[in-house]
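Observations on the three-dimensional arrangement
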Amino acid sequence: MERSLIIAIDFDGTCVEHCYPAIGCEVEGAVEVLRALQQRGHRLILHTVRSGATLEAAISWFQERRIPLWGVNLNIEQRRWSESPKVYAHYYIDDSALGCPIRFIDDVRRPVVDWRALRKLLEYHGIL
Ligand SMILES: [Mg+2]
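Now for a look at the structure at hand. All values derive from a computational prediction rather than experimental measurement.

Criteria and cut-off values
Residues numbered from 1 in each chain as written. Predicted model: local features only at pLDDT ≥ 70, side-chain atom pairs only at ≥ 80, totals over all residues. Heavy atoms only, no water. Salt bridge = Lys/Arg side-chain N within 4 Å of Asp/Glu carboxyl O. Helix = DSSP H or I, 4+ residues; strand = E, 2+ residues; numbered from the N terminus. Buried < 20%, exposed > 50% of the residue type's maximum accessible area, 1.4 Å probe, protein only. Contact = heavy atoms within 4.5 Å.

1. Considerations on the pattern of salt bridges
Going through the model one piece at a time under the given rule, you end up with 9 salt bridges. Ionic pairing is found between Glu77 and Arg43, a salt bridge with its closest N-O pair at 3.5 Å. In this pair, Glu77 sits in the loop between β3 (71-72) and β4 (91-93) while Arg43 sits in strand β2 (residues 43-46), placing the two residues 34 residues apart along the sequence. A salt bridge links Arg65 to Glu64; the nearest nitrogen and oxygen atoms lie 3.5 Å apart. For Glu64, a relative accessible area of 61% gives the class exposed. The network of salt bridges with shared partners includes Glu17, Asp106 and Arg109.

2. Digging into the side chain of Thr54
Its place among the elements puts Thr54 in helix α2 (residues 52-64). Beyond its immediate stretch of four places on either side in the chain, Thr54 contacts Tyr20 and Pro21.

Here's what the structure looks like:
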């Protein structure tokens, strides 16, 4: 049986284009890769600084796309061994993470995750 990894997923600039506090357009390729990760048995944690209504909107974004979340800003299992607020995950996918493949949509906005390049990385590492 393959290992079920915990993968923390940032939202703004990762799943959707930067438009906070609104919900930006879907970043190309995000939904397909997130679904593939989930179908592979990996556990997805929404990992975002959004809170209150803006967090609910992000959770709805996943629900509407039928991408189940294993956690929201929380890894319930880590409570057994840590009281740290940091969400423990095997991997973090975040447009602000150094090394995460990114691409520019235009000359104005911050870059977003390049999911085509990221998929290749995930495949290379045997995660997908
Ligand atoms: Mg971000």
